[in-house]
Amino acid sequence: MKHQRGSVIIIVLWTSILLTVLVTVMAGKVQLSARTAFYNQQAVQDLAAVTAAMNKAEMEILLESMQKPIDQPVLTDIDGNPRESLFRFNGQPLTLNYPADDNIVVRIYNHAGKINLNGIRGVDMRMLIENRLGPDFDPQEVQELMAAWADWTDLDDRGQINGAEKDYYQSLDPPYSPRNNSELDSVEELRLIRGFDELFKGVNLDAAFTVYGTGRSVNLNLATREAMQLLPGLDDELIEKIIFFRQQREIRNKPMVAEIVPLEKYVQLDRWIGDNTSTVYSVYAYPKATPSTEQDSEQRDPNAPEVDPVTQAYMEIMEVRSYQNRGRVYKVDPYSRLPDTTIAQDED
């Protein structure tokens, strides 16, 4: 009897354990399903808000091309001087005329703030390469990169000395053919040219370059950090000075740039900059990031540069030529890498 009772107790215990495990697993699955449903619902709501924000951002660009109402307030700088309203399309977070959702951040970049690969001259590409390689660059490496660039953008399959043509690219795994056209279809194409993927390793190409429009110069009122980091004559310290200056005032002409950039640096920079604008824009929209905990907010240094923790966003590249027609969309990327959005600080 005692043996039978012991067996019954063991069976009951094992049954209890199995039921406990089963209930725990089922509860975990229910919790996971509920969490998945919640995040799916949140994603759908965010996508709807982002899509609405993109439409309102397009309207913002259309409004910019319209005649301004007489009673519309004029944007001014810290000295009270009027500012060009289009220059707010330099990546700063915007308050739209038709407001987006309070939880959505909208940033617009005019492509006059980027280096145009389809308008670049050979001598300028050489300067970019040398500047990217640094002061101790190898002339032979520069010559090989320039030959590869020339072979990619020429109209034939005849290779230059130390160049790279169809036979080289067909030998790769996977093989592909060179563009053999002076105009690139996308900035990512730059990485397909022999040596250029390594040359621009770590560079956000979409932020630094454009292939749209015909402009050859970069407007410093609109320039991205990534574009300025590639321009001859500029270093990180001067870039921060330029960004801080344009946060306060408009850069109206080259003499104003010469007041910020030392003469020996300005001589290198002068040929790259201008007062041009573009009809092409990169529009980014994404939900605001919130601190993970109150402790994170308390530990943040109030004197540190403001940094947006978001690094990816929904992006469209669109061209708006007139307020009479909707923009033409050239590219859509739901997971685009954001340009550097750090706010410059006045170190002085």
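Remember, predicted model here, so these are calculated numbers, not experimental data.

> So what's going on with the nonpolar core? Which residues, and what values?
With 60 residues, the main nonpolar core has Ile-115, Leu-190, Phe-196, Phe-200, Phe-209, Leu-234 and Val-261 as its most contacted residues. Take this core: its biggest share by element is 6 residues, from helix α3 (residues 139–153). Among residues more than four places away in sequence, those in contact with Phe-196 are Met-125, Ile-129, Leu-145, Trp-149 and Leu-190.

> For unusual backbone geometry, give the residues involved together with the corresponding values.
A cis geometry characterises the amide bond from Asp-173 onward to Pro-174, with omega recorded as 0 degrees. Here Pro-174 lies in the loop between α4 (166–170) and α5 (196–199). For Asn-162, which is not glycine, the phi dihedral falls at a positive 65 degrees. Within the element layout of this structure, Asn-162 appears in the loop between α3 and α4. Although it is not a glycine, Asn-180 sits at a positive phi angle of roughly 50 degrees. When you line up the elements, Asn-180 lands in the loop between α4 and α5. Under the relative-accessibility criterion, Asn-180 is labelled buried at 17%.

> Can you break down the packing of aromatic side chains residue by residue, with the values?
Both the distance between ring centres and the angle between the ring planes are used here to describe each pair of aromatic rings. In this structure the tally under the stated criterion is 10 aromatic pairs. Aromatic pair Tyr-168 and Tyr-169: ring centres 5.0 Å apart, planes at 75 degrees, arrangement edge-to-face. Relative accessible area serves as the criterion here: at 30%, Tyr-168 is assigned to the partly exposed category. According to the relative accessible area criterion, Tyr-169 is buried, its value standing at 0%. Between the aromatic rings of Phe-196 and Phe-200, the centroid separation amounts to 6.2 Å while the plane-to-plane angle is 35 degrees, which identifies the pairing as tilted. The exposure class assigned to Phe-196 is buried, which follows from its relative accessible area of 0%. Judged by its relative accessible area of 2%, Phe-200 falls in the buried class. Cluster of aromatic residues (ring-pair linked, three or more members): Trp-149, Phe-196, Phe-200 and Phe-209. In this structure, Arg-194 is placed above the aromatic ring of Tyr-168, and the distance from its NZ or CZ to the ring centre is 5.9 Å.

> Which residues make up the pairing of strand β5 (residues 280–287), and what values do they have?
Of all 8 residues that make up β5, 7 are buried, and the element is covered over most of its length. In this structure, strand β2 (residues 104–110) lies alongside β5, joined through 7 bridges in antiparallel fashion. Bridge pairing links Asn-110 to Tyr-281 in β5. Judged from the 6 bridges that link them, β5 and strand β6 (residues 312–319) form a sheet pairing that is antiparallel. Bridge assignment links Val-283 to a residue of β6, and that residue is Glu-316.

> Before we move on, can you summarise helix α8 (residues 236–248) with the specific residues and values?
Taking 1.5 Å as the rise per residue, α8 with 13 residues should run 18 Å; its terminal C-alpha atoms sit 19 Å apart, in good agreement. Residues of α8 that are buried: Leu-238, Ile-239, Ile-242, Ile-243, Phe-245, Arg-246 and Gln-248. Next to the buried residues of α8 lie β1 (90–93), α7 (225–228), α9 (254–260) and α10 (263–269).

> Tell me about the environment of Glu-84, residues and numbers included.
Counting through the fold element by element, Glu-84 comes out in the loop between α1 (2–64) and β1. Judged by its relative accessible area of 37%, Glu-84 is partly exposed. For the pair Glu-84 and Asn-221, spaced 137 residues apart in sequence, the C-alpha separation works out to 9.7 Å. Glu-84 has contacts with Glu-64 and Glu-250, leaving out every residue within four places of it along the chain.

Reading the values: the criteria
- Residues numbered from 1 in each chain as written.
- Predicted model: local features only at pLDDT ≥ 70, side-chain atom pairs only at ≥ 80, totals over all residues.
- Heavy atoms only, no water.
- Core = buried A, V, L, I, M, F, W, Y, C linked by side-chain atoms within 4.5 Å.
- Buried < 20%, exposed > 50% of the residue type's maximum accessible area, 1.4 Å probe, protein only.
- Helix = DSSP H or I, 4+ residues; strand = E, 2+ residues; numbered from the N terminus.
- Contact = heavy atoms within 4.5 Å.
- Phe/Tyr/Trp six-rings, centres within 6.5 Å; stacked < 30°, edge-to-face > 60°.
- Lys NZ or Arg CZ within 6 Å of the ring centre and 35° of its normal.
- Pairing = 2+ DSSP bridges.
- Expected span 1.5 Å × (residues − 1).

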